[in-house]
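# Overview (structure and organization)
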Amino acid sequence: MTATVAPDPGGFDARVHTLVVGGGATGMVAALAAREAGHDVVVCERDSVPRGSTALSAGLIPAAGTAQQREAGIDDDPPTFAADIQAKAHGRNDPALVDLMARTAAPVVDWLTEAHDLPLTLVDDFDYPGHSRRRMHGLPDRAGRSLIDALRDRAEGAGVDILCGAAVDTLFVRDRIVTGLGLARGERIGCDRVILACNGFGGNRARVARHMPDIADAVWFGHDGNDGAALDWAEALGAATRHLGAYQGHGNVAHPHGILITWATLTEGGIQLNRDGRRFHDESRGYSEAARAVLAQPGGVAVTLFDARIAAVARQFGDFRDAEAAGAVRIAADADGIEVAMDLPPGSVAAALSALPRGRLTPPFHAVRVTGALFHTQGGVSVDETARVLHADRSPFPNLYAAGGAACGVSGDGDDGYLSGNGLLSAVTLGHVAGRGS
Ligand SMILES: Cc1cc2nc3c(=O)[nH]c(=O)nc-3n(C[C@H](O)[C@H](O)[C@H](O)COP(=O)(O)OP(=O)(O)OC[C@H]3O[C@@H](n4cnc5c(N)ncnc54)[C@H](O)[C@@H]3O)c2cc1C
């Protein structure tokens with residue numbers, strides 16, 4: 001679907017203060033914040049049930065200085081978090097946007113926990129690459145589907161109207177003011193403001209090929225409905241866009257099962273071997289850049305090798321349990337057994353293990369065949385510190401906002417700037433800022 005801009009039609013079928021395009025985490029947080037600010041809110045979601053990429057994620061939100069961290073004795077603050085984000089992105093992010101997200105995340109996590117009764121807990125048993133503190137927060141089952149369902153429940157409870165099966169295809173605009181929007185099914189709704197919460201363009205193969213050709217052939221692991229509507233509108237309006245080549249990949253998706261294997265399998269000490277049984281990259285750098293590293297190997301696949309202790313850590317993730325149930329995780333008592341199970345050259349696993357520090361991986365060994373995938377795009381519409389969309393001349397559109405995956409995030413300009421959690425960080429912080437308005 002190509003999203004378009006049209007002149008104000010002079011009349012609407014209905015009118016509301018805040019219209020939110022997209023019912024993922026961004027849209028729901030924005031809607032909740034807008035309700036708290038006293039506005040009537042309608043969320044327009046193209047699908048029959050609002051889920052988006054949020055439901056596909058592990059639902060983990062990074063935040064620095066939360067009550068959960070204090071309880072766990074973790075000393076963290078927004079400047080430390082901001083420094084981690086910038087270090088991962090090689091300093092290529094807008095510093096004001098990084099500071100905004102780093103300082104807003106903890107209040108938003110506290111707000112979701114206390115005001116909206118989301119039982120977010122801290123992931124306190126393993127480290128994510130690039131985070132100098134443990135600061136990932138998620139629902140107990142670590143499932144994004146639970147997160148989006150809980151957010152929808154709270155939004156509905158707060159009086160947000162959620163229209164499903166309501167793809168938005170038109171923005172009506174007069175003199176840079178958005179006066180309303182049009183649904184593909186026909187209705188036109190007038191409004192005081194619009195929040196674009198329709199994520200990026202990973203579901204649009206033509207745009208992926210144009211903006212990030214090096215990952216164009218990878219498995220797309222995000223939500224198909226995220227086909228770049230925000231970019232279509234931005235281009236039609238002359239809005240500024242940034243870092244369109246930035247994305248989060250993942251180099252640990254079970255193949256051919258298509259199930260995410262948590263990167264904890266690597267941060268906890270696992271390794272990746274290619275089809276020849278050789279290690280081929282530094283797994284500690286991060287899972288996003290690992291996608292291309294895996295795809296560059298023979299057959300575009302690798303074997304992730306770990307042990308029972310690591311499997312126990314990984315098992316807190318529903319996806320990992322699903323992978324086990326699907327038979328993607330193979331177990332063998334020794335290196336020879338793993339070589340046979342994963343069709344690796346004889347002696348290769350033993351050689352790789354002997355190069356590791358003693359005791360890093362111990363039998364029985366676990367292994368999964370994996371490939372690299374594109375998870376979500378990180379570039380997008382440029383916004384200011386109020387989440388208003390910026391025109392190419394750098395002045396803000398007065399009543400048009402973008403947040404979450406629709407907006408340019410803080411992951412630099414390529415595949416190696418993504419710090420774990422940057423996706424939901426942008427969703428909940430910019431979503432909250434946009435929803436609250438100013
Ligand atoms: C497998 C996977 C794992 C991930 N794990 C994590 C993680 O643990 N932590 C993290 O921070 N991030 C993670 N991410 C990224 C994270 O999921 C996204 O950054 C985040 O969900 C974006 O939220 P959103 O609300 O902007 O988009 P979405 O959740 O995708 O919601 C956008 C919604 O807009 C709707 N929509 C699109 N176009 C239109 C239109 N024209 N009209 C109406 N509706 C429209 C879509 O149907 C969709 O429901 C992961 C992503 C994937 C794919």
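Residues numbered from 1 in each chain as written. Predicted model: local features only at pLDDT ≥ 70, side-chain atom pairs only at ≥ 80, totals over all residues.

## Topic: the overall build of the chain
Check the secondary structure of the chain and you find 14 helices and 21 strands. In terms of overall dimensions, the chain has C-alpha extents of about 75 × 45 × 40 Å along its principal axes. Scored against the burial criterion, the 438 residues of the chain give a buried share of 56%. Considering only contacts within the chain whose residues lie at least 6 apart along the sequence, 77% involve residues at least 24 apart. (Helix = DSSP H or I, 4+ residues; strand = E, 2+ residues; numbered from the N terminus. Buried ≥ 20, exposed ≤ 12 C-beta atoms within 10 Å, placed from the backbone. Contact = placed C-beta atoms within 7 Å.)

## Focus on the site of the ligand
As a matter of local geometry, the ligand sits amid 44 residues, with Gly22, Gly24, Gly52, Gly404 and Gly423 nearest to it. Sorting the residues of the shell around the ligand by element identifies α1 (25-36), β18 (365-377) and α14 (422-436) as the ones contributing at least two each. Element by element, the count of residues in the shell around the ligand is highest for α14, at 4 residues. Taken together, the residues that form the shell around the ligand break down as 19 nonpolar, 21 polar and 4 charged. (Near = placed C-beta within 6 Å. Nonpolar A, V, L, I, M, F, W, Y, C, P; charged D, E, K, R; others polar.)

## Considering the domain arrangement of the chain
On domain assignment, one finds that the chain holds domain 1 (4-246 + 378-436) and domain 2 (248-374). Taking only C-alpha atoms, the centre of domain 1 and the centre of domain 2 are 31 Å apart. The interface is formed by 24 residues belonging to domain 1 together with 23 residues belonging to domain 2. For the side of domain 1 that touches domain 2, a count of residues per class yields 12 nonpolar, 5 polar and 7 charged. (Domains from an automatic or database assignment.)

## Some details on helix α11 (residues 318-325)
Spacing of three or four residues puts side chains on the same side of an α-helix, whose turn is 3.6 residues. Along α11, the residues classified as buried are Asp319, Phe320 and Ala323. Down the axis of α11, the sector holding all buried residues measures 100°, keeping them to one side. As for α11, its buried residues are in contact with β13 (247-254), β14 (259-260), α10 (308-314) and β18. Count one or two residues on from α11 and you reach Gly327, which has phi positive near 85°. (Arc of directions from axis to C-beta.)

## Observations regarding the packing of helix α3 (residues 78-88) against helix α4 (residues 95-114)
Between α3 and α4, the shortest axis-to-axis distance is 8 Å and the interhelical angle comes to 135°. Considered as vectors, α3 and α4 are oriented oblique to each other. Considering how the two elements wind past one another, α3 and α4 form a crossing that is right-handed. Residues Pro78, Phe81, Ala82, Ile85 and Gln86 of α3 lie in contact with α4, whose contacting residues are Val98, Asp99, Ala102 and Arg103. Here the residues of the contact of α3 with α4 sort into 6 nonpolar, 1 polar and 2 charged. (Axes fitted to C-alpha atoms, helices over the stretch in contact; angles between N-to-C directions. Parallel < 35°, antiparallel > 145°, perpendicular 65-115°, else oblique. Left-handed = near helix turned anticlockwise from the far one by under 90°.)

## Considerations on the pairing of strand β9 (residues 177-183)
Among the 7 residues in β9, 5 count as buried, and that is most of the element. The sheet contact formed by strand β8 (residues 168-174) and β9 spans 6 bridges and is antiparallel. Bridged to Arg174 within β9 is Ile177. Hairpin connection, β8 to β9: the antiparallel pair is bridged by 2 residues, and Asp175 has positive phi, about 50°. Bridge analysis of β9 against strand β10 (residues 188-196) gives 3 bridges, and the strand direction is antiparallel. Following the sheet pairing, Gly182 is matched in β10 by Arg188. (Pairing = 2+ DSSP bridges.)

## Structural notes on helix α5 (residues 144-157)
Over its 14 residues, α5 extends 20 Å from the first C-alpha to the last, a length consistent with the 20 Å expected when each residue adds 1.5 Å. Contacts from the buried residues of α5 go to α1 and β7 (161-163). Positive backbone phi, approximately 95°, marks Gly159, located one or two places after α5. (Expected span 1.5 Å × (residues − 1).)

## Things to note about the sheet that holds strand β5 (residues 121-122)
Strand order in the open sheet formed by 3 strands is β4-β6-β5, with antiparallel pairing between adjacent strands. A single partner strand is all that each edge strand has here, and the edge strands are β4 (61-62) and β5. With 2 bridges joining them, β4 and strand β6 (residues 136-138) adopt antiparallel strand pairing. Bridge pairing in β6 links Ile61 to His137.

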